[in-house]
Amino acid sequence: MMALESLFAPDRVAVVGATESEGSVGRAVVRNLLDTFDGEVVPVNPNRESVFGLDCLDSVRDADADLVVVVVPPQAAVQVVREAGEAGVRDAVVITAGFGEAGTEGVARERELEAVAAEYEMNLVGPNSLGVVSTPKGLNATFGPRMAEPGNVSFMSQSGAFITAVLDWAADHDIGFNDVVSLGNKAVMDEADFVRAWGDDPETDVVLGYLEAIEDGASFIDTAREVTQETPVVVVKSGRTEAGAHAAASHTGAIAGSEAAYEAGLDQAGVIRADSVEELFDFGGILAGQSPPDTDGVAIVTNAGGPGVMATDAVGDSGLSLASFTSETHAALGEALPDMANVYNPVDVIGDARVDRFRAALDIVLSDPNVGCAVVLSCPTAVLTYEELADAIVEAHEESGVPMATVLMGGEATRGPARTLAAAGIPNYFDPSRAVGALDGLRRYREIRSREYEPPTEFDVDREPAREMLERAAARGQTRLGVEAMGLLDAYGIPTPDSEIVTGREDAVRAAHDIGEEVAMKVVSPDILHKSDIGGVKVGVPAGEAGDAYEDLVTRARNYQPDATLLGVQVQAMVDTDDAVETIVGANRDPQFGPLLLFGLGGIFVEVLEDTTVRVAPVSEPEAAAMLDDIDAAPLLRGARGRPAVDEAAVVETLQRLSQLVTDFPAILELDVNPLVARPEGAEAIDVRLTIDPEKL
C-alpha cells in the first residue's frame, strides 16, 4: 500500500457520476467539494455537458486527477476504476454500493474490484462508503450533510451513517477532526492501513474508530503496536454478544469465542477499547489535548460535597487512586481555606467559594508530588462565575502541566466556559464519573506506552514427527484426536507422564507393570469428549488389576456410545497432585486473529468457573507470564493458605511452547490440555484433545 498523501490532500478530484439531479449522491459529492475544497473539482459524466457550471468530461481517463470518487451504478464502477488505474490515478473512493453486501453477484464484483486495484497498485476506499474528509485541504468527498470541523483527531468508521451523526454531534461539542474515513466494505484498504498512515501523520494526535470487524487481526496488532507508542488509538468494537463458537468441540472453543479474541487482540495491539460512543470521544478528546499523568493519584477540588463523593466513587471504580496529600499540602490548605473547608482529598472549598479560593486550592494540590491528575467540580452559586473559574483552571493547568478534567455542572451557563476549557485541551462534563473516566483513559495510555514488546521465543522442537502424527490422523479420516495425540506435546517439549495406549487385557497388565505399581487408565476415543462423565477414567489402579480395569472401561465406553471409535485404553503413570493446581492451557483458531491461547483454572471446573484468560498467539515470555496474573485463581498458584507455590516458570514455558505448536500448524483448529498439573517442581500435561482441519496440513 502506498502513502496516503494524495488520498487526503489531492490537488484535483474527479467525481465520476457527477450530476445536478436533486437528491442524488453525485450531486451531494460535487456540492460538498465545491463548498470547501481547496483544489480543482472535475465532473465526469458522458451524459451531461456541465455540472454546477463546470465542464463535464466523458471519461476519467481525461481528468488528470489525483483522486477519483466513483458514484456510478455498481455494474459500471469496476470499469471506471480500471480506467482510472490506466490513467495513472493511484487513489480512489468507491461510494457505490451493490458489492460484497449484496449477495453472490456483488461478492464477485467486489473481488474483481480488488483485483483491478491490485493490478494498478491503487489505494481504494470502499466500496459502499460514505467517502473521505480531510479538513486541512477542505476535502469533503462524501455525500454527508456537513463538513467536519478542523482538529487533531482522525476518525474511521465502518458505518457511513454513523459518521454523519458524529460530525453533527461533534460540532456541538467542540470536537474537530483532521481526517475522516468511511471504511465501507474494505475491499482493499482496511483499518490497519489508516492506523499506519495516521501514526505517521504529524497532524493527527489521536486515532478513533468505530469497527464492526477487523479484517486481518495479526496485521492490525503488528501495526497498532508500533503506532501506539507515539499515537493513541481508541476504538469502539460492536458485536460484543456475538457467539464465537456455536458448536465448539473443546473447552477452549466454548470459552475463547470471537469477543474474547477481540478483547485480547485489541489489548495486545495497545488499542484502548471504549465501551460506548460517549467514552470513545471522552478518551479521544482528552488524549488529543493532554499528556498522560506521571502517577495514578487523583486530586478532587469541589465546592459541593455530593458531587465530590460521586467523583471519589468513580475513582474507586477506575484504575486511578485517590491521592494521599503530604503533610505540607494539608498545612497549606489549612492556611488558605476557611475552617469549615475539608483539607483532605476530596478538597471541599465549600459553597461560598469564589474563584480566588478555588485557584488557591488548585495551586496547592497541583504542586503535591502524589498528585498525577485532578478533577475540578463546581455547582453554580451566586458568588461564582463559570467564565472566571474556567480561566483560572486553564491558567493552573498551563502552569502546572498536570492533566485535568472539569465538572462544571449546569446548563446554558456552562457553554462558553466549556469552550474555553476545550481550547486548552481540558474536557468538561456534567457527570463526575465521565471526568474520572477520561483521566483513566490517560492512565491506560501511559501503561500502553511503557510496554516493551519482546519477540516470541523459538524453541528447538521436532516439527516433523508432529506433522507426521497429524497427517496420519487425517489419512484415517480423523478430525478429532484425544490422548492418542500426546506425542504432539512430546514433540514440542511439553512434559507428559509415561504412558502407553493398549488394545487388550494382557497388554494393559504389561504396560501397567512397566510404568509403576499404580496407574491411571482412560478410554481413548475421539468421539467421547468428557471421559470422566461416563466413568471412562480410573485412577490408582494396581498394576495387577489393570486387566480387569481395561475390560470395565471398554464396556462402559461401548454401553455409552456403541458407534464410537474406540482406539483403546491409555495406561498412564500416576501424577502426584497433593501440592498441585490443575490448570488448563488451550488454543482456538479465530477467523480474524488466528490462534488464540487460553490459560485458566482447569480440571472438572473449567466450564463451571470459567476462570480463564486469552491472548493472540504467538506470545512472548512476558505475555505468557501475564496470563498467570490475569486469572482470579492466581493466588492458588502462589501458595494460598500455606500451600507451596507452583513452578510458574514451567507453566509459562508450556504456554509458549503450545503457542508455537498452534502457530506452526494452522490445521489445529482447537486444542485442550486439561489438566496441565502445575506442581512446585514443574508442570505436566495429563490429557489432550484437539480438532484438526486436514485440508490445512
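See the structure printed just above.
Residues numbered from 1 in each chain as written. Predicted model: local features only at pLDDT ≥ 70, side-chain atom pairs only at ≥ 80, totals over all residues. Heavy atoms only, no water.

Trainee: How do you make sense of the overall build of the protein when you look at a structure like this?
Mentor: If you tally the helices and strands in the protein, you get 24 helices and 30 strands. Along the first, second and third principal axes, the C-alpha set of the protein runs to 95 × 80 × 40 Å. Going through the 697 residues of the protein one by one, you find that 56% of them count as buried. Long-range contacts, defined here as pairs at least 24 residues apart, represent 72% of the contacts in the protein between residues at least 6 apart. Carbon and sulfur atoms form 46% of the exposed surface of the protein, whose accessible area is close to 28,400 Å². The centroid of the 49 positive side-chain charges in the protein is displaced by 4 Å from the centroid of its 119 negative side-chain charges. (Helix = DSSP H or I, 4+ residues; strand = E, 2+ residues; numbered from the N terminus. Buried < 20%, exposed > 50% of the residue type's maximum accessible area, 1.4 Å probe, protein only. Contact = heavy atoms within 4.5 Å. Areas by Shrake-Rupley, 256 points an atom, 1.4 Å probe, with all protein chains shown as cover. Lys, Arg positive; Asp, Glu negative; His and termini not counted. Charge placed at Lys NZ, Arg CZ, Asp CG, Glu CD.)

Trainee: Explanation requested: the sheet that holds strand S1 (residues 12–16) in the structure shown.
Mentor: What holds strands together in a sheet is hydrogen bonding between their backbones, with the strands either parallel or antiparallel. With parallel pairing, 5 strands are arranged side by side in an open sheet as S2-S1-S5-S6-S7. Each having just a single partner strand, strand S2 (40–44) and strand S7 (123–125) make up the two edges of the open sheet. Going across the sheet, the axis of each strand differs from the next one's by a mean of 20°, ignoring polarity. (Pairing = 2+ DSSP bridges. Axes fitted to C-alpha atoms, helices over the stretch in contact; angles between N-to-C directions.)

Trainee: Looking at this structure, how should I read the side chain of Ser378?
Mentor: Relative to the elements of secondary structure, Ser378 occurs in strand S18 (residues 373–378). Among the polar contacts listed, one links the side chain of Ser378 to the side chain of Asn303, at a separation of 3.2 Å. Among residues more than four places away in sequence, those in contact with Ser378 are Asn303, Phe358, Leu384, Tyr386, Leu389, Val407, Leu408 and Met409. (Polar contact = N/O pair within 3.5 Å; in protein donor to acceptor, adjacent residues only side chain to side chain.)

Trainee: Which parts of the structure should I look at to understand a nonpolar patch on the surface?
Mentor: On the surface, a cluster of nonpolar side chains totalling about 250 Å² of accessible area is made up of Val537, Val539 and Met574. Secondary-structure assignment places Met574 in the loop between strand S24 (568–573) and strand S25 (581–590). Met574 sits in the partly exposed class, given a relative accessible area of 38%. (Patch = residues over 30% accessible without salt bridge, like charges linked within 9 Å, V, L, I, M, F, W, Y side chains within 5 Å. Salt bridge = Lys/Arg side-chain N within 4 Å of Asp/Glu carboxyl O.)

Trainee: Any chance you could explain the pattern of salt bridges here in plain terms?
Mentor: For side chains of opposite charge, pairing can occur when their charged atoms come near one another. Across all of its chains, the model carries 44 salt bridges by this definition. Between Glu278 and Arg434 there is a salt bridge; the shortest N-O distance is 3.4 Å. Of this pair, Glu278 sits in helix H10 (residues 277–289) while Arg434 sits in helix H16 (residues 432–449), and the two are 156 residues apart along the sequence. Glu395 is paired through a salt bridge with Arg359; the nearest N and O atoms lie 2.8 Å apart. Within this pair, whereas Glu395 is found in helix H14 (residues 386–400), its partner Arg359 is found in helix H13 (residues 355–366), the two being separated by 36 residues in sequence. Owing to a relative accessible area of 40%, Glu395 belongs among the partly exposed residues under this scheme. Residues joined in a network through salt bridges with shared partners are Arg359, Asp363, Glu395 and Glu399.

Trainee: Where do I start with helix H6 (residues 191–199) in this structure?
Mentor: The periodicity of an α-helix, 3.6 residues per turn, causes residues three or four positions apart to be oriented the same way. Among all positions in H6, only Glu191, Ala192, Asp193, Phe194, Val195 and Trp198 are buried. The backbone nitrogen of Ala192 has a side-chain oxygen 3.1 Å away, supplied by the residue at the start of H6, namely Asp190.

Trainee: Help me understand helix H24 (residues 648–664), please; the structure alone is not making it clear to me.
Mentor: Taking 1.5 Å of rise per residue, 17 residues should cover 24 Å, and H24 covers 24 Å from first to last C-alpha, within 8% of that figure. Of all 17 residues in H24, 12 are buried; the element is thus mostly enclosed. Of all the residues in H24, the buried ones are Ala650, Val651, Val652, Thr654, Leu655, Gln656, Arg657, Leu658, Ser659, Gln660, Leu661 and Val662. Looking at the buried side of H24, the elements it contacts are helix H17 (463–475), S25, strand S26 (594–601), helix H22 (621–630), strand S28 (668–679) and strand S29 (682–685). (Expected span 1.5 Å × (residues − 1).)

Trainee: I'm lost on the nonpolar core in this one. Help?
Mentor: Note that soluble globular proteins tend to have their nonpolar side chains buried in a common cluster. Judged by nonpolar contacts, the single largest core of 53 residues is most densely connected at Leu33, Phe194 and Phe220. Setting aside its immediate chain neighbours within four residues, Phe194 contacts Leu4, Leu7, Phe8, Val125, Met156, Val181, Leu183 and Met189. Ranked by size, the runner-up nonpolar core spans 49 residues in total, among them Ala473, Val524, Ala678 and Val688. (Core = buried A, V, L, I, M, F, W, Y, C linked by side-chain atoms within 4.5 Å.)

Trainee: I tried to follow the packing of aromatic side chains on my own but got confused; where do I start?
Mentor: What characterises a pair of aromatic rings is the spacing of the ring centres plus the angle enclosed by the ring planes. Tallied over the entire structure, the rule returns 11 aromatic pairs. Relative to Tyr210, the ring of Phe162 has its centre 5.2 Å away and its plane inclined at 55°; by these criteria the two rings are tilted. Placement of Phe162 in helix H5 (residues 160–172) and of Tyr210 in strand S12 (residues 206–211) is noted, with a sequence separation of 48 residues between them. A residue is classified by how much of its surface remains accessible, and Phe162, at 18% relative accessible area, is buried. Ring pairing ties together the aromatic residues Phe155, Phe162, Trp169, Phe177, Tyr210 and Phe281, which thus form one cluster. When the ring centre of Phe52 is taken as reference, the NZ or CZ atom of Arg31 above it lies at 4.8 Å. Over the aromatic face of Phe99 sits the side chain of Arg109, whose NZ or CZ is 5.9 Å from the ring centroid. (Phe/Tyr/Trp six-rings, centres within 6.5 Å; stacked < 30°, edge-to-face > 60°. Lys NZ or Arg CZ within 6 Å of the ring centre and 35° of its normal.)

Trainee: Could you clarify how one ought to interpret the pairing of strand S19 (residues 404–408) in this entry?
Mentor: Within a regular beta strand, the side chains point alternately toward one face of the sheet and then the other, so they alternate between its two faces. Within S19, 5 of the 5 residues are buried, leaving the element largely enclosed by the surrounding structure. Here S19 shows a buried face lined by Met404, Thr406 and Leu408 and a second buried face lined by Ala405 and Val407. Two strands pair when backbone bridges link them, and S18 and S19 are joined in this way by 5 bridges, in the parallel orientation. Bridge assignment links Val376 to a residue of S19, and that residue is Thr406. The β-α-β motif built from S18, the intervening H14 and the parallel element S19 has right-handed crossover chirality. (Right-handed = clockwise from strand over helix to strand, strands pointing away.)

Trainee: Just to check I follow, could you spell out empty space enclosed by the protein for this structure?
Mentor: Here the structure, examined in full by the defined rule, presents 1 cavity of 30 Å³ or more. Quantified by volume, the largest cavity comes out at close to 40 Å³. Taken together, Leu130, Val133, Thr142, Gly144, Pro145, Arg146, Ile163, Thr164 and Leu167 form the lining of the largest cavity. Top contributing element to the lining of the largest cavity by residue count: H5, with 3 residues. Residues belonging to the lining of the largest cavity are distributed by class as follows: 5 nonpolar, 3 polar and 1 charged. (1 Å grid on protein atoms, 1.4 Å probe; cavity = no way out; pocket = protein on both sides within 12 Å on 5 of 7 lines; lining within 4 Å. Points joined across faces, edges and corners; volume = space filled by probe spheres on them. Nonpolar A, V, L, I, M, F, W, Y, C, P; charged D, E, K, R; others polar.)

Trainee: Help me understand the sheet that holds strand S21 (residues 499–502), please; the structure alone is not making it clear to me.
Mentor: The antiparallel open sheet is built from 4 strands, whose spatial order is S21-S24-S22-S23. Of all the strands in the sheet, the pair left with one neighbour each is S21 and strand S23 (537–542). Put simply, the sheet's adjacent strands are angled 25° from each other on average, direction ignored. Helix-sheet contacts for helix H20 (residues 546–560) involve S21, strand S22 (518–524), S23 and S24, and the interaxial angle to S23 is about 170°.

Trainee: I keep staring at the packing of H6 against helix H7 (residues 217–227) and nothing clicks. Help me out?
Mentor: At a minimum axis distance of 9 Å, the contact between H6 and H7 shows a crossing angle of 15°. Our classification of the angle between H6 and H7 gives roughly parallel. In this structure, H6 crosses over H7, and the sense of that crossing is left-handed. Contacts between H6 and H7 involve Glu191, Ala192, Val195, Arg196 and Gly199 from the former and Ser219, Phe220, Thr223, Ala224 and Val227 from the latter. Split into classes, the residues belonging to the contact of H6 with H7 amount to 5 nonpolar, 3 polar and 2 charged. (Parallel < 35°, antiparallel > 145°, perpendicular 65-115°, else oblique. Left-handed = near helix turned anticlockwise from the far one by under 90°.)

Trainee: Would you mind showing me how to read the pairing of S24 here?
Mentor: Among the 6 residues of S24, 6 are classified as buried, and the element is accordingly described as predominantly covered. Strand direction decides the pairing type here: S21 and S24, joined by 4 bridges, are antiparallel. If you follow Ser499 over to S24, its bridge partner there is Gln572. As paired elements, S22 and S24 share 6 bridges and run antiparallel to each other. The residue bridging Ala520 from the neighbouring strand is Gln572, located in S24.

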